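Here is how the chains run, residue by residue.
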Amino acid sequence: MTTTLRPTEPLQRDADGARSRHYRVCVNSRPVGELRLATHADFGPGVALISALRIEEADRSRGRGTVAALAAEEVARGWGCHRIEVSIPASADRGLGLATALGYVERNRNMEKELPAQPTALPPGSTGRRMTGPEFTEWEAHTRAGYVRSLVERGVPEAEARTKAEADHEALLGGGLGTPDAALSVLEADGEVVGTLWVALGGERAYVYDVEVAAGQRGRGHGRSLMLLAEAEARAAGLTRIGLNVFAGNTPALRLYESLGYRATLFHLHKPLL
């Protein structure tokens, strides 16, 4: 039996080069699932994204998903893409196993936590306060450069990384210190600045976009204090859940988040198309 992708619609194309198409996964002429392939909204037409891949229960564990994913890679190559990406829920063990077997590598993961009714107090001598204007200017330039560097280290071409960093910061922090629902804070320990925090407080949950302990202050528990500050900010805003992103390879941060009760919800993986 032969597994193939059969388009269910014409190729969708935008003026900026974006493409997308929906396919049925078929064994001979029998539909057994579906797949949607598109170019990446953030990284542009040079990067493909498998946004949906589903195989019917009765046809799973027979290699249908593997063949469909490989066929999607060939389509992406034909579109001129140099990389393909996929996001897989942490609960989808089969999907994660398939992606790993096909050579996809984790770039980052989303994590989430249900907040306790009463936030844990900061350690004695540690306090949080809002950033000042001069502190924000310095922090924003530093944080944006670090974001670009993190993407480049994980295989994203520098031009793509810079474009994404600029777009993300404009979308999420375009109003600077006055951006609605953006809490930009500084952590002090015994009167000395030891870290910075950016947490968004809009929507159904809080989201930690950036947390950093100052150089020379690491290894002293300030990272944990910053996360406790984020959780207190979320609770004060009436929210009961908080999420964050962590890049693959950042083992100290991952261990900290897990120790605080955060659990993975979504894995983002990528693969170069040679």
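Here's what I pulled together on the structure shown here. This one's a predicted model, so the numbers in the text were calculated from it and none came from an experiment. (Residues numbered from 1 in each chain as written. Predicted model: local features only at pLDDT ≥ 70, side-chain atom pairs only at ≥ 80, totals over all residues. Heavy atoms only, no water.)

Okay, the pairing of strand S4 (residues 30–40) next. By the bridge criterion, eight bridges tie strand S3 (residues 19–27) to S4 in an arrangement that is antiparallel. Bridging from a neighbouring strand, Ser20 pairs with Ala38 of S4. For S4 and strand S5 (residues 44–55), the ladder comprises eight bridges, and the chain directions are antiparallel. Its bridge partner being in S5, Arg36 is matched across the sheet by Ala52. (Pairing = 2+ DSSP bridges. Helix = DSSP H or I, 4+ residues; strand = E, 2+ residues; numbered from the N terminus.)

The next subject is the packing of aromatic side chains. Summed over the entire model, instances satisfying the criterion amount to five aromatic pairs. When the ring of Trp139 is compared with that of Trp198, the centres are 5.8 Å apart and the planes differ by 90°; the resulting orientation is edge-to-face. Remark: Trp198 occurs in strand S10 (residues 192–200) and Trp139 occurs in helix H3 (residues 133–153); sequence separation between them is 59 residues. Of the residues examined, Trp139 reaches a relative accessible area of 5% and is grouped as buried. A connected cluster of aromatic rings, assembled from ring pairs, spans Phe136, Trp139, Trp198, Tyr207 and Tyr209. Sitting over the ring of Phe43, Arg83 keeps its end group 4.9 Å from the ring centre. Sitting above the plane of the Phe43 ring, Lys164 keeps its charged end 5.5 Å from the centroid. (Phe/Tyr/Trp six-rings, centres within 6.5 Å; stacked < 30°, edge-to-face > 60°. Buried < 20%, exposed > 50% of the residue type's maximum accessible area, 1.4 Å probe, protein only. Lys NZ or Arg CZ within 6 Å of the ring centre and 35° of its normal.)

Turning to the nonpolar core, a few remarks are in order. Ranked by internal contacts, the top residues of the largest apolar core, which has 28 residues, are Val208, Met227, Ile242, Tyr257 and Tyr262. Elements with a contribution of two residues or more to this core: strand S9 (182–189), S10, strand S11 (206–213), helix H5 (222–236), strand S12 (241–247) and helix H6 (251–259). Among the elements that take part in this core, H5 stands out by supplying six residues, more than any other. When residues no more than four places from it in sequence are discounted, the contact partners of Tyr257 are Met111, Val211, Met227, Leu244, Val246 and Tyr262. Ile50, Trp79, Leu96 and Ala99 belong to the second-largest nonpolar core, a separate cluster that totals 26 residues. (Core = buried A, V, L, I, M, F, W, Y, C linked by side-chain atoms within 4.5 Å. Contact = heavy atoms within 4.5 Å.)

Moving on, we get to H3. Along an α-helix, residues three or four positions apart point the same way, because every turn accommodates 3.6 residues. Between the first and last C-alpha of H3 there are 30 Å, a value that for 21 residues agrees with the 30 Å anticipated at 1.5 Å per step. Those residues of H3 that fall on the buried side of the exposure criterion are Phe136, Trp139, Glu140, Thr143, Gly146, Val148, Ser150 and Leu151. Elements in contact with the buried residues of H3: helix H4 (158–173), S9, S10, S11 and S12. Trailing H3 by a residue or two, Gly155 shows a phi angle of about 95°, which is positive. (Expected span 1.5 Å × (residues − 1).)

If you check which residues of H6 are buried, you get Ala253, Leu254, Leu256 and Tyr257. Along the long axis of H6, the arc covered by the buried residues comes to 160°, so they all point the same way. In this structure, H6 carries Pro252 and Arg255 as exposed residues pointing more than 90 degrees from its buried face. Lining the buried residues of H6 we find strand S7 (105–114), S11, H5 and S12. At the C-terminal side of H6, Gly261 shows a positive phi close to 100°. (Arc of directions from axis to C-beta.)

This brings us to the layout of surface pockets. Size it by volume and the second largest pocket reaches roughly 600 Å³. At the level of elements, S5, helix H1 (64–78), strand S6 (83–89) and helix H2 (93–101) are the ones that each hand at least two residues to the lining of the second largest pocket. Looking at side-chain class alone, the lining of the second largest pocket contains 13 nonpolar, seven polar and six charged residues. (1 Å grid on protein atoms, 1.4 Å probe; cavity = no way out; pocket = protein on both sides within 12 Å on 5 of 7 lines; lining within 4 Å. Points joined across faces, edges and corners; volume = space filled by probe spheres on them. Nonpolar A, V, L, I, M, F, W, Y, C, P; charged D, E, K, R; others polar.)

Take it as geometry only, folks, not as evidence of what the structure does.
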